[in-house]
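Residues per chain are reported as follows:
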Amino acid sequence: MSKMISASRSQPARNGSALRESNAVKALLIGTALTFLALFLFLPLVIVFMEALQRGLTTYLEAITEPDALSAMRLTLLVAAIVVPINVIVGIAGSWTIARFDFRGKNLLVSLIDLPFSVSPVIAGLIYVLLFGAQGYFGPWLREHGIEIIFALPGIVLATMFVTFPFVARELIPHMETLGSTDEEAALTLGASPWQTFFKITLPNVKWSLLYGVLLCNARAMGEFGAVAVVSGKIRGVTTTLPLQVEILYNEYMGTAAFAVASLLAFLALITLAAKTILEWHYAKEIAAMRHNS
Amino acid sequence: MPVSLTVENIEKKFGQFPALRGVSMTVAPGELMALLGPSGSGKTTLLRAIAGLEQVEKGRVLFDDIDAESLSFRDRRIGFVFQHYALFRHLSVYENVAFGLRARPRRERPNEGEIHKRVNNLLDLVQLGELGARFPSQLSGGQRQRVALARALAIEPRILLLDEPFGALDAQVRKDLRQWLRELHTRIGQTTLFVTHDQAEATELADRVAILNHGIIEQLASPHEIYEHPQTPFVCKFLGETNVIPVELKGGQAYFDGYRVYDATNYADGTADLYIRPYLFKLAQPGSSPLSGIITHVHQTGPYWRAELTVGNLAKPLTIEGLTRPLPILGEHVAATIESAHLFKTP
Amino acid sequence: MGDRLLFNAGKHVLVHPRSAPAIGRRRRIFDIGLTLAAFAILFVAMSQARAQTVELLNVSYDPTRELYRAVNAAFSAEWRKKNGSALSIRQSHGGSGAQARTVIDGLNADVVTLALAGDISAIAERAKLLPQNWQSRLPNNSSPYTSTIVFLVRKGNPKAIKDWADLARSGIGVVTPNPKTSGGARWNYLAAWAWADRNLKDEAKIRDYMSALLRNVPVFDTGARGALTSFAQRGIGDVFLSWENEAFLALDEFGPGKFDIVVPSLSILAEPPVALLDANVDRKGTRAVAEAYLEFLYTPAAQAIIARNHYRPRFPDAADPKDLAKFVKVDLVTIDDAFGGWAKAQKTHFADGGTFDTLYKPSR
């Protein structure tokens with residue numbers, strides 16, 4: 001970058017007008033992009049917080065410490081705390097299998113991993129209702145054995161897992177494929193056990209992709225509405241997650257409370273964003289080195 | 001004590017493609033051997049099979065008289081240097097070299113002081129004593145190569161396997177490293193097998209060279225031996241430029257175009273090919289040899305000249321090299337006589 | 001802890017400043033993971049602990065949220081006083097049809113309190129959680145409260161909308177959701193039809209009236225909530241057709257200074273039914289409390305709460321006269337009397353090719 005700039009400075013006569021023109025275009029593009037971002041991303045966020053605080057801080061605090069809101073918060077965090085580690089483990093195993101081995105049906109498997117992206121979340125939820133609902137395939141058996149899946153925590157976890165599964169795998173597969181397996185082979189020839197190889201070589205090699213995947217997966221797990229709405233049963237204070245709670249409050253004409261709870265979600269999203277930015281900023285050098293060094 | 005490496009009748013297929021078709025050989029203790037062959041000849045596969053990185057269908061690998069199959073990866077103790085080094089990019093040079101030591105089970109793991117000592121010794125050995133704290137991305141190609149070597153040596157390997165050790169380096173660095181590796185080998189006396197596709201590299205470095213083609217060893221001998229006495233047409237061709245002349249064998253003489261061109265005592269009658277290096281021709285008066293024709297190209301590189309002699313009954317012109325003056329002249333009618341040739345009977 | 005050893009060693013050996021933070025970073029990531037795992041276990045333990053109290057689940061429809069919040073508080077208090085044990089009543093709200101579907105799919109409701117008898121009958125038919133004759137098990141067709149359709153108009157009623165006839169006048173904007181997607185909108189439609197049937201008598205005139213009314217609808221929102229937003233916040237239209245209880249709630253929400261409620265001369269009687277799901281309460285062992293809960297709805301205490309929450313009580317005597325004062329007397333017809341039941345009304349008016357499809361021609 002610095003090379004480019006000094007080069008253009010050293011030849012002002014030749015490049016001057018072209019440069020000025022492209023600067024105008026650049027300014028226009030940047031301006032458009034920033035305006036767009038401000039209108040469509042930043043403004044809504046501001047409005048969420050404005051609406052939430054519209055009736056003062058006390059009302060706001062009351063709204064987010066109300067038992068149902070707290071329960072929704074707890075449920076949302078719990079679901080994320082279960083879903084994210086499972087998706088990380090399954091995602092790593094799946095990506096590794098796909099990146100390392102050639103086998104019949106590999107392409108099908110890769111497409112299957114993407115399936116949750118192309119299936120509407122509502123359908124995802126309905127799939128579980130069809131499987132585990134009272135009228136579903138396993139419903140009668142489950143009921144007989146007193147196991148609750150649908151309209152309870154397990155169903156919410158399953159639906160969330162389905163929707164968020166691709167995030168980790170999608171980040172990891174291309175990265176693992178470009179890395180190849182020689183690092184792992186090198187570790188094996190140096191006497192490392194498969195576990196040592198995995199934890200000391202494979203994992204550190206993909207840790208940035210993995211962290212991105214985890215952040216995205218977590219953000220979606222906490223924010224998922226459609227699939228969860230179908231399998232939740234919307235039992236207040238029991239099976240309502242934060243997004244469902246927002247909808248419920250809004251429909252109950254409790255706009256301020258709805259936005260207060262929404263602000264919690266927005267806050268969680270901002271933390272995710274901040275975590276991502278800090279990671280990128282802090283490890284920019286290391287990430288760049290990892291990507292370019294082969 | 002250096003260990004011998006024996007490979008017995010190894011076969012390996014990739015799908016339908018036979019990569020190794022029964023390879024047997026022995027690397028003597030302390031020997032530096034090259035596996036030479038064109039790409040696709042199976043040399044890297046053989047190296048990986050010895051290391052245990054490829055499963056083979058048949059055959060076995062012995063270290064002295066221990067069957068490699070009976071050893072775990074850890075116990076095989078193979079020092080493997082990968083073509084692109086495979087340095088661990090998230091670990092410093094120091095930690096890369098220390099990796100094999102730290103990976104050992106607790107009981108066998110040296111203490112920190114010992115690791116420290118050994119890693120630093122190795123870094124000194126590969127002349128990277130100052131660079132322990134660097135990361136692989138901060139090193140030049142040659143430095144990375146040496147880190148990979150130090151890392152492989154750290155586990156006190158039974159044998160050292162190097163896959164195209166100089167493949168990724170530019171010409172000057174290659175030369176320097178080649179010499180350095182030769183000296184290093186002399187110093188540590190480790191049984192070493194390396195893969196290369198570069199015959200100059202193989203012959204300059206190795207005590208013996210195994211030439212692989214289509215998954216079998218065509219010849220295994222000292223560089224001198226394989227150059228002077230190639231066992232197969234492939235070896236002969238692979239080691240350097242040759243001219244091929246079809247001949248008829250009759251009564252201990254080789255005939256081209258009905259005229260005697262070369263002495264073939266001890267060969268039975270039949271057809272054969274003569275393989276002649278360009279510098280083993282001599283130019284003579286036209287008509288003094290059946291290999292007569294017109295000089296169609298001449299050029300000079302350094303002290304040598306190279307000429308192409310187009311001979312009527314040969315599909316390709318002969319390439320001839322020489323030091324003698326005066327140079328042949330373009331368009332000149334000359335004959336070529338054979339000073340020395342390799343003779344291979346055609347099947 | 002090979003990992004730790006590995007990195008401690010790095011610290012001693014390497015003089016390079018970059019290596020030291022690397023150790024801390026790595027360990028921090030590990031610690032965060034550990035903390036998350038600990039939290040997960042803690043949360044699971046907590047939700048296990050909560051499951052110990054006796055719980056009753058009432059699956060209801062959207063507009064009853066405030067009503068049952070009050071009813072549940074009263075009943076829990078009474079239950080505790082009588083039985084000495086704590087009771088926690090959980091609520092689930094949604095569209096009535098969707099809620100029935102959820103119960104059929106296995107939502108473990110003890111009681112259902114839905115908008116239409118048909119929705120509960122669907123549960124009886126498809127999931128067999130209660131007998132077919134469920135509606136006769138409690139008084140008043142198992143509906144402890146009723147409601148009706150009224151008009152919500154802008155403050156002072158500037159367009160002088162008094163009755164159904166006014167809705168077909170030109171220049172009046174009528175806000176109602178789409179009957180194809182909204183249950184409430186069907187009530188609106190049928191109420192208008194019932195009035196026209198009573199007052200215009202002639203089939204052709206009824207149809208003319210209905211299509212004039214439909215022409216006055218600027219846009220059909222898919223649901224009641226969206227339609228109310230159009231009317232109240234975006235200022236679209238002059239009259240909003242609404243459940244009576246919702247209309248009162250809207251007054252509370254948007255402030256009394258913005259809207260008035262107009263009660264037409266004739267409207268339709270909605271009888272939201274309640275029922276006990278036998279199969280569920282027997283499995284959960286909650287029959288006694290569930291029965292008591294539904295019976296409680298007919299008690300004077302509950303009837304007073306019902307009136308306070310803008311539903312018309314079955315037994316007004318117990319209610320606060322102040323609450324009753326807001327319910328204007330209105331001539332009410334039932335679906336059964338005026339349309340021969342829900343199934344028939346659905347088929348005649350809202351199925352594909354029904355009266356709604358023939359009468360409603362979107363303007364191009």
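To be clear, the structure that these remarks concern was listed above.
Each chain carries its own residue numbering, running from 1 in the direction its sequence is written. Key to labels: chains lettered from A, ligands numbered from 1, both in the order written. Local features in a predicted model are, by the rule used here, given only for residues with pLDDT of at least 70; side-chain atom pairs are given and counted only at 80 or more, and totals for whole chains, interfaces and linings are based on all residues. Each side-chain value is worked out from all heavy atoms of the structure, with water and hydrogens disregarded.

## Structural notes on the overall build of chain A
Put simply, the rule reads: Every helix listed is a DSSP run of H or I at least four residues long, and every strand listed is a run of E at least two residues long, numbered separately from the N terminus. Here the term buried applies to any residue with accessible area under 20% of the maximum for its type, exposed to any over 50%, and partly exposed to those in between, with areas from a 1.4 Å probe on protein chains only. The method behind every accessible area is Shrake-Rupley, applied with a 1.4 Å probe, and residues are considered shielded solely by the protein chains displayed.
If you tally the helices and strands in chain A, you get 15 helices and zero strands. Buried residues in chain A amount to 44% of all 294 residues. Entry remark: accessible area of chain A is about 15300 Å², with carbon and sulfur atoms responsible for 71%.

## Some words on the packing of aromatic side chains
Under the convention used in this document: Note on ring pairs: Phe, Tyr and Trp rings are taken, using the six-membered ring of Trp, and paired if centres are within 6.5 Å. Classes follow the plane angle, with under 30 degrees stacked, over 60 edge-to-face and the rest tilted.
Taken as a whole and judged by the stated rule, the model has 32 aromatic pairs over all chains. Seen from their ring centres, A:Y128 and A:F132 are 6.2 Å apart, and the 15 degrees between their planes marks the pair as stacked. Pair noted here: A:Y128 and A:F132 are both in helix α6 (residues 121–132), with a separation of four residues, about one helical turn. Their ring planes at 65 degrees and their centres at 5.1 Å tell us that C:Y189 and C:F350 sit as a pair that is edge-to-face. Placement of C:Y189 in helix α7 (residues 183–200) and of C:F350 in helix α16 (residues 342–350) is noted, with a sequence separation of 161 residues between them.

## Points about the interface of chain C and chain A
Applied cut-off: Only heavy atoms matter for contacts: two residues are in contact if any of them lie within 4.5 Å across the pair. When two parts are brought into contact, each loses some accessible area as probed by a 1.4 Å sphere; the total of that loss over both is the buried area. Salt bridges, as used here, are contacts in which a Lys or Arg side-chain nitrogen is within 4 Å of a carboxyl oxygen on Asp or Glu. Throughout this description, a polar contact denotes any pair of N or O atoms lying within 3.5 Å of each other; where both atoms belong to protein, one of them has to be capable of donating a hydrogen while the other can accept it, and for residues adjacent in sequence the pair is counted only when both atoms sit in side chains. Throughout this entry, Asp, Glu, Lys and Arg are counted as charged residues, while Ala, Val, Leu, Ile, Met, Phe, Trp, Tyr, Cys and Pro are counted as nonpolar. The remaining residues, Gly among them, count as polar.
Taken together, the contacts link 34 residues of chain C with 28 residues of chain A. Both faces combined, the contact of chain C with chain A buries some 3100 Å², and carbon together with sulfur accounts for 53% of it. For the interface between chain C and chain A, the tally reads zero salt bridges. Across the contact surface, chain C and chain A share nine residue pairs in polar contact (both at pLDDT 80 or more). A total of eight residues in the side of chain C that touches chain A trace back to one element, the largest contributor, which is helix α2 (residues 19–50) of chain C. For the side of chain C that touches chain A, the residue count by class is 11 nonpolar, nine polar and 14 charged.

## Details of the nonpolar core
Put simply, the rule is: Within this scheme, the nonpolar core is defined by two criteria: the residues are buried Ala, Val, Leu, Ile, Met, Phe, Trp, Tyr or Cys, and they are joined through side-chain atoms within 4.5 Å. Segmentation into domains, and thus their bounds, comes from an automatic or database assignment.
C:W164 and C:L167 are the most contacted members of the largest nonpolar core, which totals 66 residues. A per-element tally of this core places α7(C) first, with nine residues. Residue contributions to this core reach at least three from each of two domains, namely domain 1 (54–143 + 272–298) and domain 2 (146–270 + 326–359) of chain C. In this view, C:W164 contacts C:I149, C:F151, C:N188, C:A191, C:A192, C:W195, C:Y209, C:L241, C:P264, C:L266 and C:S267; residues no more than four positions away in its chain are not counted. Grouped together as the second largest cluster of nonpolar side chains are 62 residues, A:Y60, A:A124, C:I123 and C:W134 included.

## Overview of helix α9 (residues 182–189) of chain A
Residue and element names in this part refer to chain A. Judged by how many residues are buried, α9 sits mostly within the fold: six of eight residues are covered. Every buried residue of α9 is accounted for by D183, E184, E185, A186, A187 and T189. G191 sits one or two positions beyond α9 and adopts a positive phi of about 95 degrees.

## Quick notes on the side chain of A:E185
With respect to the helices and strands, the residue A:E185 is situated in helix α9. A polar atom in the side chain of A:E185 sits 2.6 Å from the side chain of B:R48. When residues no more than four places from it in sequence are discounted, the contact partners of A:E185 are B:R48, B:L53 and B:F82.

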